[in-house]
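Structural overview
The chain contents come next:
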Amino acid sequence: MRSKLFVPGSRPELFDKALASAADGLSFDLEDAVAEPKKAAARITLSHWMASVAVSKSEKTIIVRVNGMDTPHFEDDIAQVVRSGLNMINIPKPESPEAIQHAVALIERAERENGVNLDGQHPIRILLNIETAKALRTAHALASAHPRVAGLQLGLADLFEPIAVSRSEAFAVKYAMMQVKLAAAEAGVEAYDAAFADIKNTEGFQEEAGFAARLGYAGKSCIHPSQVAMANEAFRPDKESIAHALRILEAAKEADAQGIGAYVVDGKMIDPPFFKSAQALVARAKRLGLI
């Protein structure tokens, strides 16, 4: 998901519009975007909408951000939104591998009760928010807690605000981004960049998204539809990079035939780490229809 658009779970009039957007993924929010008195109604409305034909035919990644595990809404959210149209559950503020394993048990029970993933081939995956100091420190353990964990998503507002760190402090932002990327890489899952709240600051969004792309993040959260195109562009491999990667793969065939471990492409020495990077870029370009 280059772009993951947040959609308030209490705004059903926005659901179809979001589905028609250019976002790769849609994250329906039952947590921060829904006032306490409306949470029960929101989860029911959302689950009914997910059962629609439009959702079943969509190629978008459908995510629901449920309420925290320490709230009275968590188990009801899981039981209600685990439906055939759901791809991922986004869990806010996970604090331990044991808590994640408990969440998985609830998801598995809901799958059985709601007739989801009966063949065992399409399990609902988990996206973990890294948005507390403890979660940042233990991010790798969280990411490795269960095979259903598909990625880590950075949440800078929740991470920074309680500890009086400025969201505009570049060092703090980049430090947290690198920590999450390394933890995700070690666990073999994707890393997704945080939301950017200053909607009118398009230059700031593009700069942050570009930095995340250079760190190897898979995509960025969007809190407004106007940010989707910018995210898609930032995480879209450019033509020069694709062409260079293809030349690396072609040169690798000749090198393998000659028993050569390192070789030169476009004036650069290429060895296994660069070859693997080229493979990944070409695969991503193919998924996006660029090759």
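Nothing here was measured: the structure is a model prediction, and the numbers come from that model.

Every buried residue belonging to helix H4 (residues 74-81) is among Phe74, Asp77, Ile78, Gln80 and Val81, and all of these are buried. In this structure, the buried residues of H4 make contact with helix H2 (39-50), strand E3 (61-65), strand E4 (88-91) and helix H5 (97-114).

Unlike most non-glycine residues, alanine 164 shows phi in positive territory, near 60°. Locating alanine 164 in the fold gives a position in the loop between helix H8 (156-160) and helix H9 (170-187). On the accessibility criterion, alanine 164 (72% relative accessible area) is exposed. Of note in the backbone geometry, aspartate 266 takes a positive phi value of approximately 55° without being a glycine. Here aspartate 266 lies in the loop between strand E9 (263-265) and strand E10 (268-270). Note on aspartate 266: relative accessible area 44%, which makes it partly exposed.

As a further point, take the nonpolar core. Core analysis: the largest hydrophobic core is formed by 70 residues, its most contacted members being Phe28, Val64, Ile78, Ile89, Leu152, Leu154 and Tyr217. With residues near it in sequence (within four places) discarded, valine 64 still touches Phe28, Leu30, Leu46, Met50, Val81, Leu86, Met88, Ile89 and Asn90.

It is worth spelling out the environment of isoleucine 44 at this point. Along the chain, isoleucine 44 falls in helix H2. It is 9.7 Å that separates the C-alpha atoms of isoleucine 44 and glycine 9, two residues lying 35 residues apart in sequence.

Time to look at the packing of helix H12 (residues 239-258) against helix H13 (residues 272-287). In the contact formed by H12 and H13, the axes pass within 9 Å of each other and the chain directions differ by 125°. As summarised for this structure, H12 and H13 are arranged oblique, according to the angle between their axes. When the axes of H12 and H13 are compared, the crossing they make is left-handed. Note on element contacts: H13 touches H12 through Phe274, Phe275, Ala278, Gln279, Leu281, Val282 and Ala285, opposite Ser241, Ile242, Ala245, Leu246, Ile248, Leu249 and Ala252.

Next up on the list: the side chain of asparagine 90. Mapped onto the elements, asparagine 90 comes out in strand E4. The class for asparagine 90 is buried, based on a relative accessible area of 0%. A distance of 2.6 Å separates a polar atom in the side chain of asparagine 90 from a polar atom in the side chain of asparagine 129. When neighbours within four sequence positions are excluded, asparagine 90 is seen to be in contact with Ser27, Ile63, Val64, Arg65, Val66, Leu127, Leu128, Asn129 and Gln153.

Parameters at a glance
- Residues numbered from 1 in each chain as written.
- Predicted model: local features only at pLDDT ≥ 70, side-chain atom pairs only at ≥ 80, totals over all residues.
- Heavy atoms only, no water.
- Buried < 20%, exposed > 50% of the residue type's maximum accessible area, 1.4 Å probe, protein only.
- Helix = DSSP H or I, 4+ residues; strand = E, 2+ residues; numbered from the N terminus.
- Contact = heavy atoms within 4.5 Å.
- Core = buried A, V, L, I, M, F, W, Y, C linked by side-chain atoms within 4.5 Å.
- Axes fitted to C-alpha atoms, helices over the stretch in contact; angles between N-to-C directions.
- Parallel < 35°, antiparallel > 145°, perpendicular 65-115°, else oblique.
- Left-handed = near helix turned anticlockwise from the far one by under 90°.
- Polar contact = N/O pair within 3.5 Å; in protein donor to acceptor, adjacent residues only side chain to side chain.

No statement about biological role is implied by the geometric values presented.
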